[in-house]
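Architecture at a glance
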Amino acid sequence: MRTNQPQTVYLSEYRVPAYLVDHVDLRFELFEEGARVHSTLAVRRNPESEDTSGRLELDGDSLVLEGLQLDGRDLEPGQYENQGDRLVIPEVPEQFGLTVVTWIEPQNNTRLEGLYKSSGMFCTQCEAEGFRCITFFPDRPDVMARFRTRIEADRAGYPVLLSNGNDVERGDLEGGRHFVTWEDPFPKPCYLFALVAGDLVEKRDSFRTCTGREIDLRMYVEPRNADKCDHAMDSLKRSMRWDEDIYGREYDLDIFMIVAVDDFNMGAMENKGLNIFNSSCVLASQDTATDATFQRIEAIVAHEYFHNWSGNRVTCRDWFQLSLKEGFTVFRDSRFSADMGSTTVKRIEDVTLLRTAQFAEDGGPMAHPVRPSSYMEISNFYTLTIYEKGAEVVRMIHTLLGPDLFRKGSDLYFERHDGQAVTTDDFVKAMEDASGRDLTRFRRWYEQAGTPVVTVRDEYDEARQVYRLDIHQTVPDTPGQTGKQPQHIPFALGLLGADGQPLALKLVGDDAPPAEQRVLELTEASHSFEFEGVAARPVPSLLRDFSAPVRVDYPWTREQLLFLMSHDPDGFNRWDAGQRLAVDVIESLVDAGEDAEIEPRLVSAYRHLLTDEGLDQALVAKMLQLPSEAYLIELAAAPRVQQIYRARTRVMNHLAAALREELLACYHRNNGGAEYRLTSDDIARRTLRNTALGWLLEIGDAEGRVLALRQFREADNMTDRLGALRALVNSDYHEDREQVLDAFYQRWQDDPQVVELWFSVQSGSTRGSLEQVRALMEHAAFDWKNPNKVRSVIGVFAGQNLAAFHAEDGSGYRFLAEQVRHLDASNPQIAARLVTPLTRWRKFASVHGEQMKAALETIRDREGLSKDVYEVVHKSLAG
Ligand code: B3K
Ligand code: ZN
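- Per an unreviewed UniProt entry, the protein chain goes by Aminopeptidase N and derives from Marinobacter profundi.
- Under Catalytic activity (unreviewed entry), UniProt gives the following word-for-word description of the protein chain: "Release of an N-terminal amino acid, Xaa-|-Yaa- from a peptide, amide or arylamide. Xaa is preferably Ala, but may be most amino acids including Pro (slow action). When a terminal hydrophobic residue is followed by a prolyl residue, the two may be released as an intact Xaa-Pro dipeptide."
- Regarding the protein chain, the relevant UniProt record gives this comment under Function (unreviewed entry): "Aminopeptidase N is involved in the degradation of intracellular peptides generated by protein breakdown during normal growth as well as in response to nutrient starvation."

What follows is the structure, encoded as structure tokens:
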């Protein structure tokens, strides 16, 4: 068991830094046995600080201190104190130069924070607190400095040497070594520092900005990946154009670089001018990447690029403000993706993630506000709440202000705070000042955790021709927060008449001209809205386009849902009505006997979707997906996973059997031999045919099997090849399953990204067992040091193969706990992420809950537990 409890950091204890650093001069000597880092800082006392003690404190982690000089003079042992995680110099002048020399071992760095090696190359990850693993430094985002970086390494092994900014000098050194010096003219926090050294090929392109500047775009990848850069490069250029068009933001440096590395804890990192990407989030070709991967790459390239303004030029004052940059940037990349493809489909995908995973987080032991007020380990707060709910909060401001005032607000924000480290409140203030709107109550979205529940009841008064909505909101208690205040909720809605036509909405006592959609603003616990001139009881279409991240409680009947499914002009709500209907049908079967009837109207609704070619096929492709088990579990108060799994499978099999002919027709209709393209239409066609194939194989259809085997052999792209593989792996055709898995591996074993897909198809298959997952971990391609492999086997098993993870005997929980204990020693960040499914133990029925809790306790009792895992496990077990 860990003996010393990690410290909690509180927002209320924020103080401005006592010392500022204006300039950092870095020199890296890179060797196989380690690296020596020479750092010279131009330091001065912060005039805004009340701390006049003259004491300088720098952060450090796992550093060997080799030298320390103040204004060129060596400091004697008594003049400083090296506490390991802190270097203290008790007396420093008002202004001085400090030189620190440290020795580090990147080749042994398995945490992948700071400077480390991946596939033979050196690379860095400094956000949030990785820079302190490189040298002693005030490692906090409100210390912004200009960086100059000289990298020295063996020329043959590391021909490419990169850092932030512009390369200003290069040359040869003795012993076959060389150097490059980089200078970044923009002051930045150290979390945006980056360095890369390796044997990489360069792909070049360029972009002309709105003011006519030519920007040099470069991608650096391992030679074997040279043909997988085009999509990322195109995505980058589209992002640059979009940020100019929509936000008026022009790129500032003359070079923009992207590097792909295989071992990376997350998706990518927005280092100034030198973005570093997880290979799986940047490399793609038609042959190796699925449609989903192509889309993910476009979104992540855009996200990191957009950070150049929302994150780098204007950064966070402290890590409690993380959503300032992440929420805003996710909002930006989400709108970008919507503009590049289908707005409705993108909204459906965002809301699916939010409702399945963020709502679960908000209802669990790690629930925290968009702006948290405390943490132990900041790495644990790169959460769905900070990112996705944070984006929803910005989106609500956009809805309340409208696009023009929102743009005015973002212009003011960028102008007012360029070059500063600021707070979420500064962001809201800029929006308020530019629009003249009062967002006082709206700020509660940043302060209160938990998903609000909006209860809607309605009444129709035929005599008065008035339709009334009574709306009530509550925000549930979360750990450490009770008795919450009402939040400011934009609630978009429309009303449909019996003929399916939208009604013109006119509120009693309101002068606004009638409109087919209104955004009601909920600011109190309860409101009543009366609509006049309503000739008959309408069907309400509530929370259109999911205008706020809330749960809506309204007693929908199946008739109403079927009606909305085919008539709602809001595409999102048409999809949502289908989801609600399917949820209702599946839930009603959870406790029913095997012979209970399955709602026949669900079959006809799906038949309609499959056969009416006039419908938007991208939307149909989404509407045909049944709600996931994870979502059904999230919705249930005390979920019984096995019963939910069986009920959902029954519905799927029933639909597949009843609609066999339609599925075959849908498959053939969408199986054109056309050239592979990434348009929404083409993506929809591939989704439809692979969905059809999956359902046919689910019921063991012989014709479906033949089609899948042929598609597997003949596909000219990874989406279809993987679609066929997945369908066969999820079928009862065991021999085929083994054959295609083997053939696939033989063909793609040298491509790590494809091998990750191969792993996840198996570990996420509900036909797969825990033994099979254990066998995958013994496979030659599995690598504990590579986070992608760990995620694609262990993470996917616990997150997608829910029937096996929640096995009655508790074996899935014990398995996960065992892997977390193992991984914590080498990579605490990834270990802490893996714990997530166990943290939800209180939600599950008694036996499961107890088994999950017991598994958590075995993690808690591990000796030398990391701060990351300590925080998650202790908060989950508390209370
Ligand atoms: N800002 C990085 C995330 C860093 C995570 C550090 N544990 C990627 C992004 O959100 O763009
Ligand atoms: Zn980000």
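Alright, that's what it looks like, and here's the rest.
**A few points about the site of ligand 1**
- By nearness alone, 13 residues border ligand 1, and Glu-127, Glu-270, Glu-304, Glu-326 and Tyr-387 come closest of all.
- In this structure, a nitrogen atom belonging to ligand 1 sits 2.6 Å away from a side-chain N or O atom of Glu-127.
- At 2.9 Å from an oxygen atom of ligand 1 is found a side-chain nitrogen or oxygen belonging to Glu-326.
- Within the complex, 95% of the 330 Å² of free accessible area of ligand 1 lies under protein.
- For the shell around ligand 1, the secondary-structure elements that each account for two or more residues are strand E20 (268-269), helix H2 (291-306) and helix H3 (322-340).

**A closer look at the coordination of the zinc ion (ligand 2)**
- Those donors, His-303 (NE2), His-307 (NE2) and Glu-326 (OE), are the protein atoms that reach the zinc ion (ligand 2), and they lie 1.9 to 2.1 Å from it.
- Positions of the donor residues of the zinc ion (ligand 2), expressed as sequence spacing, correspond to H-x3-H-x18-E. By the burial criterion, His-303 is buried, and His-307 matches it.

**Things to note about the pattern of salt bridges**
- On inspection of all chains with the given rule, the structure shows 91 salt bridges.
- We note a salt bridge from Arg-132 to Asp-139, for which the minimum N-O separation is 2.9 Å.
- A residue is classified by how much of its surface remains accessible, and Asp-139, at 4% relative accessible area, is buried.
- With its nearest N and O atoms 3.1 Å apart, the salt bridge here joins Arg-860 to Asp-861.

**Some details on the UniProt feature "domain: Aminopeptidase N-like N-terminal" (unreviewed entry) in the protein chain**
- The feature "domain: Aminopeptidase N-like N-terminal" (unreviewed entry), as given by UniProt, occupies residues 109-192 in the numbering adopted here.
- Helix makes up 0% of residues 109-192 and strand 55%. Its end C-alpha atoms lie 19 Å apart.

**Things to note about the domain arrangement of the protein chain**
- Each domain of the protein chain was delimited in the assignment, giving domain 1 (22-43 + 54-306), domain 2 (320-553) and domain 3 (554-658).
- When each unit is reduced to the centre of its C-alpha atoms, the spacing between domain 2 and domain 3 is 26 Å.
- At the junction of the two partners, domain 2 supplies 30 residues and domain 3 supplies 23 residues.
- When the two sides are added together, the surface that domain 2 and domain 3 hide from each other amounts to roughly 2,300 Å², 63% of it contributed by carbon and sulfur.
- Applying the counting criterion to the domain 2 and domain 3 interface returns 4 salt bridges.
- A salt bridge links Arg-355 to Asp-576; its shortest N-O distance comes to 2.8 Å.
- On the surface where domain 2 and domain 3 come into contact, there are 10 residue pairs in polar contact (both at pLDDT 80 or more).

Rules of the game
Residues numbered from 1 in each chain as written. Chains lettered and ligands numbered in written order. Predicted model: local features only at pLDDT ≥ 70, side-chain atom pairs only at ≥ 80, totals over all residues. Heavy atoms only, no water. UniProt positions renumbered as here; feature names shortened; annotations may be inferred. Near = heavy atom within 4 Å. Polar contact = N/O pair within 3.5 Å; in protein donor to acceptor, adjacent residues only side chain to side chain. Areas by Shrake-Rupley, 256 points an atom, 1.4 Å probe, with all protein chains shown as cover. Helix = DSSP H or I, 4+ residues; strand = E, 2+ residues; numbered from the N terminus. Donors = N, O, S within 2.8 Å, 3.2 Å for Na, K, Ca; no water. Buried < 20%, exposed > 50% of the residue type's maximum accessible area, 1.4 Å probe, protein only. Salt bridge = Lys/Arg side-chain N within 4 Å of Asp/Glu carboxyl O. Domains from an automatic or database assignment. Contact = heavy atoms within 4.5 Å. Buried area = accessible area lost by both parts, 1.4 Å probe.

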